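Residue strings, one per chain:
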Amino acid sequence: MQGSARRGAAGTHPGVAVPRAKVEARELSVWYQGKPALRRVSLAVAPGEILALVGPSGCGKSTFLRALNRLHDETPGATVRGQVWLDGEPIYGPGVNLTALRMRVGMVFQRPTPFPGSIFENVAFGPRLHGLARGRRLRVLVERALRQVALWEEVRGRLHQSALTLSGGQQQRLCLARALAVDPEVLLLDEPTSALDPAATARLEELLRTLRGDYTLVLVTHNLDQARRLADRVAVFQGGELVEAGPPREVFARPRDPRTAAYLQSWGGPAGRGGSPGGT
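Residues numbered from 1 in each chain as written. Predicted model: local features only at pLDDT ≥ 70, side-chain atom pairs only at ≥ 80, totals over all residues. Heavy atoms only, no water.

### Remarks on the pattern of salt bridges
Consideration 1: As enumerated under the stated definition, the model contains 23 salt bridges in all.
Consideration 2: Between R66 and D190 there is a salt bridge whose closest N-O contact spans 3.7 Å. Here the residue R66 occupies a position in helix 1 (residues 61-67), and D190 occupies one in strand 7 (residues 186-190), the gap between them amounting to 124 residues.
Consideration 3: With a relative accessible area of 5%, D190 lands in the buried category.
Consideration 4: In this structure, the salt-bridge partner of R147 is E153, at a minimum N-O distance of 3.6 Å.
Consideration 5: Owing to a relative accessible area of 44%, R147 belongs among the partly exposed residues under this scheme.
Consideration 6: Each member of the salt-bridge network shares a partner with another, and the members are K22, D87, R104 and E185. (Salt bridge = Lys/Arg side-chain N within 4 Å of Asp/Glu carboxyl O. Helix = DSSP H or I, 4+ residues; strand = E, 2+ residues; numbered from the N terminus. Buried < 20%, exposed > 50% of the residue type's maximum accessible area, 1.4 Å probe, protein only.)

Here's what the structure looks like:
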């Protein structure tokens, strides 16, 4: 695993400037069928941090997230302008290998999406696809990924059973293990706990904390309490625009933009005590 080699500024305290960005969007805009969904967003993510994207339903946060590994390439009628940089290299342009990009920038979706194969095959899929391992080395890699998400002890005796036999929380941890199995540098998480019960949510949040520093995480969440618990920084979106960004304790307690203040007030006051302000 290359986590220790990519820590970069992971030890930096939240809100302290970092010398370089792991991911940086510049003047990023997205249209669906000619209708604007994201407007000239510029936002950087520091190495090893957890950045939470928050805002009301339809504000553009999931649109922004999916632009970070070019998932909009798969959306008919989507147009992207601007640029995203990964370790200082542009990801939009001719000659970019999308398979290699998505190995470096993994994705976990809102609802668990296990493949209709075995537990083992779900985790082994990526390493096999990319030629990373086979035989005993592949088995070791699968075990390591399942241990990372605290699932190994629960499934070690039934690795060849269908992944669809797992509970919802287990399936989401399996999807996280599947993403980790190819040793990504960045993980994009689109409301990964919205379909889970409170116990499974707490378990997944605990796992995400353990990944801080070894991976750069960008998390879309509709739960302000979750953003406050997990994030080093939050970015507030409204109407397809980035309104402001900063440490949660500052943005939630002393928002600089009146749009952020109004959004937080609608969900329980400046600290967003209402907790769940809606979807993406």
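### Quick look at the sheet that holds strand 10 (residues 241-246)
Consideration 1: Ordered by their spatial adjacency, six strands build an open sheet running 6-7-8-3-9-10, and the pairing between neighbours is mixed. Where the open sheet ends on each side, the last strands, each with one partner, are strand 6 (105-108) and strand 10. Going across the sheet, the axis of each strand differs from the next one's by a mean of 20°, ignoring polarity.
Consideration 2: Relative to strand 9 (residues 233-238), strand 3 (residues 50-54) runs parallel, the two being bridged by four bridges. Each residue of the ladder has a partner; that of V54, found in strand 9, is V236.
Consideration 3: Contacts from helix 10 (residues 258-265) reach strand 3, strand 9 and strand 10, with the element oriented near 80° to strand 10. (Pairing = 2+ DSSP bridges. Axes fitted to C-alpha atoms, helices over the stretch in contact; angles between N-to-C directions. Contact = heavy atoms within 4.5 Å.)

### Examining the pairing of strand 6
Consideration 1: Here strand 6 shows two buried faces, one formed by V105 and M107 and the other by G106 and V108.
Consideration 2: Bridge count for strand 6 against strand 7 is four bridges, and the pairing is parallel. Bridge pairing in strand 7 places M107 opposite L188.

### Section: the pairing of strand 2 (residues 35-45)
Consideration 1: As defined by bridge partners, strand 1 (residues 23-32) adjoins strand 2 across seven bridges and the pair is classed as antiparallel. The partner of E24 across the bridge, within strand 2, is A44.
Consideration 2: Hairpin connection between strand 1 and strand 2: a loop of two residues separates the two successive antiparallel strands, and Q33 in this loop has a positive phi of roughly 50°.

### Considering the sheet that holds strand 1
Consideration 1: Pairing is antiparallel in the open sheet, where four strands are placed in the order 2-1-4-5. The outermost strands of the open sheet, each flanked by one partner alone, are strand 2 and strand 5 (89-90).
Consideration 2: In the sheet, strand 1 pairs with strand 4 (residues 78-86) via eight bridges, with the strands oriented antiparallel. Paired with A25 across the bridge in strand 4 is V84.

### Regarding the side chain of R173
Consideration 1: With respect to the element layout, R173 can be found in helix 6 (residues 168-180).
Consideration 2: Within the structure, the side chain of R173 is placed 2.7 Å from the backbone oxygen of A150, a separation counted as a polar contact.
Consideration 3: Residue contacts for R173: discarding those within four places in its chain leaves V149, A150, L151, E154, R203, L204 and L207. (Polar contact = N/O pair within 3.5 Å; in protein donor to acceptor, adjacent residues only side chain to side chain.)

### So, the packing of helix 6 against helix 7 (residues 198-211)
Consideration 1: Packing of helix 6 against helix 7 leaves a shortest axis separation of 9 Å and a crossing angle of 20°. The orientation of helix 6 with respect to helix 7, classified from their angle, is roughly parallel. For the element pair helix 6 and helix 7, the recorded crossing hand is right-handed. Mapping the contact onto sequence places G169, Q172, R173, L176 and L180 in helix 6 and A200, R203, L204, L207, L208 and L211 in helix 7.
Consideration 2: Within the contact of helix 6 with helix 7, the residues separate by chemical class into seven nonpolar, two polar and two charged. (Parallel < 35°, antiparallel > 145°, perpendicular 65-115°, else oblique. Left-handed = near helix turned anticlockwise from the far one by under 90°. Nonpolar A, V, L, I, M, F, W, Y, C, P; charged D, E, K, R; others polar.)

### A word on helix 3 (residues 119-129)
An α-helix turns once per 3.6 residues; consequently, residues spaced three or four apart project the same way.
Consideration 1: Regarding helix 3, the residues found buried are I119, F120, N122, V123, A124, G126 and P127.
Consideration 2: Against the buried residues of helix 3 lie helix 4 (135-148), helix 5 (152-155) and helix 6.
Consideration 3: G131 occupies a position one or two residues after helix 3 and carries a positive phi of about 65°.

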